[in-house]
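So you can see what is in the structure, the chains are spelled out below.
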Amino acid sequence: MIINVAPLLRDEVGAQANFSVAEDPIDPKGDNAELTEIGATAVDADIVATHTNPGAYLEGEAEARIEMECGRCLRQFEGPVRAEFAEQYYATIGVMNGEPMDAAPLDSKTIGSDFKIDVTPLIREEILLAMPLAPLHDPDCKGLCLVCGRDLNTEPHDHDDPADERWAKLEVLKDFHAERE
């Protein structure tokens, strides 16, 4: 999503503008196609841009539906991910006079001469950071069987634990004591 902050930067410092983006499903050839790289199938974001001395301060929240893999049973599922964000963008030239502005700090985000900001990378980054490390399709997911690897959610079963030969003598001793009691 590309937003034009030129009208905002013409207003006084502290002025605000609201922007929103909603795309369901995300067009793989559209403005938000970059979000499909992280598995996003839909996005909904609300952004408040505030005119600051160095440029525009963007803050807001985004919610996306993401295709994920369950960390226990490896099942593919789609789940929501919500992220909040805030980022200062530095203007490189004055919107009123076209004069160069003070240099932006290193590694900061800048506003180009067209006064447009592509917020898709910001939203992508924040959603990616908000994604769970081991997502679960269901909080009660039983996972995979440690012996045979079958999905315990669809095929619950038990295996007889094979006896470890190293413990066989202790089993005999346990049985001996059980008989004496």
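Here the structure is a predicted model, which is why all the values come from computation and not from measurement.

Parameters and conventions
- Residues numbered from 1 in each chain as written.
- Predicted model: local features only at pLDDT ≥ 70, side-chain atom pairs only at ≥ 80, totals over all residues.
- Heavy atoms only, no water.
- Helix = DSSP H or I, 4+ residues; strand = E, 2+ residues; numbered from the N terminus.
- Rg over C-alpha atoms; globule rule 2.2 N^0.38 Å.
- Buried < 20%, exposed > 50% of the residue type's maximum accessible area, 1.4 Å probe, protein only.
- Contact = heavy atoms within 4.5 Å.
- Areas by Shrake-Rupley, 256 points an atom, 1.4 Å probe, with all protein chains shown as cover.
- Lys, Arg positive; Asp, Glu negative; His and termini not counted.
- Charge placed at Lys NZ, Arg CZ, Asp CG, Glu CD.
- Pairing = 2+ DSSP bridges.
- Axes fitted to C-alpha atoms, helices over the stretch in contact; angles between N-to-C directions.
- Arc of directions from axis to C-beta.
- Salt bridge = Lys/Arg side-chain N within 4 Å of Asp/Glu carboxyl O.
- Patch = residues over 30% accessible without salt bridge, like charges linked within 9 Å, V, L, I, M, F, W, Y side chains within 5 Å.

Student: Even after reading the chapter, I still don't get the overall build of the chain, so can you show me in this structure?
Tutor: The secondary structure content of the chain amounts to three helices and seven strands. The secondary structure elements of the chain, listed N-terminal to C-terminal, are β-α-β-β-β-β-β-β-α-α. Scaling as 2.2 N^0.38, a compact globule of 181 residues should have a C-alpha radius of gyration of about 16 Å, whereas the chain reaches 28 Å, well beyond that. Projecting the C-alpha coordinates of the chain onto the three principal axes gives extents of approximately 100 × 35 × 25 Å. Counting over 181 residues, the chain shows a buried share of 34%. For the chain, the proportion of contacts with a sequence separation of at least 24, taken over those separated by at least 6, is 55%. Entry remark: accessible area of the chain is about 11900 Å², with carbon and sulfur atoms responsible for 50%. Where the 15 positive side-chain charges of the chain centre and where its 38 negative ones centre are 8 Å apart.

Student: Teacher, can you tell me more about the sheet that holds strand S3 (residues 40-51) here?
Tutor: Strands belonging to one sheet form pairs held by backbone hydrogen bonds; the direction of such a pair is parallel or antiparallel. Here we have five strands laid out as an open sheet, ordered S2-S3-S4-S5-S6, and mixed in their pairing. With one partner strand each, in any of the chains shown, strand S2 (16-23) and strand S6 (109-111) form the two edges of the open sheet. With direction set aside, neighbouring strand axes in the sheet form an average angle of 25°. Of the strand pairs in this sheet, strand S5 (residues 76-91) and S6 are connected by three bridges, and their pairing is parallel. Pairing of Tyr90 across the sheet is with Thr110, part of S6. Along the sheet face, helix H2 (residues 120-130) touches S2, S3, strand S4 (55-69), S5 and S6 and points at about 130° away from the line of S5.

Student: I would appreciate a short explanation of the pairing of S5 in the present structure.
Tutor: Across 15 bridges, the pairing between S4 and S5 is antiparallel. Within the sheet, the bridge partner assigned to Ala64 lies in S5 and is Val81. As consecutive antiparallel partners, S4 and S5 are separated by six residues, and within that stretch Leu74 has a phi angle of approximately 65°, a positive value.

Student: Where do I start with H2 in this structure?
Tutor: Since there are 3.6 residues in each turn of an α-helix, residues three or four apart along the chain are aligned in direction. Turning to H2, its buried residues number three or more, namely Thr120, Leu122, Ile123, Glu126 and Ile127. Across the axial projection of H2, the buried residues extend over an arc of 160°, all falling on one side. Buried residues along H2 sit in contact with S2, S3, S4, S5, S6 and strand S7 (116-118).

Student: Can you help me understand the environment of Tyr90 in this one?
Tutor: Note on placement: Tyr90 falls in strand S5. With 37 residues separating them along the chain, Tyr90 and Asn53 place their C-alpha atoms 8.8 Å apart. Setting aside residues no more than four positions away along its own chain, Tyr90 makes contact with Pro54, Ala104, Pro105, Ser108, Lys109, Thr110 and Ile111.

Student: I would appreciate a short explanation of the side chain of Glu126 in the present structure.
Tutor: By secondary structure assignment, the location of Glu126 is in helix H2. Those residues within four positions of Glu126 in sequence are excluded, and the remaining contacts are Ala83, Glu84 and Phe85.

Student: Can you walk me through the environment of Tyr89 in this structure?
Tutor: Of note, Tyr89 is situated in strand S5. Ignoring any residue separated from it by four or fewer positions in sequence, one finds Tyr89 in contact with Pro54, Gly55, Ala56, Leu58, Lys109, Thr110, Ile111, Ile117, Asp118 and Leu122.

Student: Would you explain the pattern of salt bridges in this entry?
Tutor: Should their charged atoms come close, side chains of opposite charge can pair. Summed over all chains, the structure comprises eight salt bridges. In this structure, Glu78 engages Arg65 in a salt bridge whose closest nitrogen and oxygen atoms are separated by 2.8 Å. With Glu78 in strand S5 and Arg65 in strand S4, the pair connects residues that are 13 residues apart, well separated along the chain. Ionic pairing is found between Arg75 and Asp151, a salt bridge with its closest N-O pair at 3.2 Å.

Student: Before we go on, may I ask you to explain a nonpolar patch on the surface in this structure?
Tutor: Where nonpolar side chains cluster on the molecular surface, the patch consists of Leu170, Leu173 and Phe176 and spans about 280 Å² of accessible area. Counting through the fold element by element, Leu170 comes out in helix H3 (residues 168-180). Classification of Leu170 by relative accessible area gives partly exposed; the value is 45%.

Student: Could you clarify how one ought to interpret the environment of Pro7 in this entry?
Tutor: Note that Pro7 resides in helix H1 (residues 6-10). When its relative accessible area of 44% is taken as the criterion, Pro7 is described as partly exposed.

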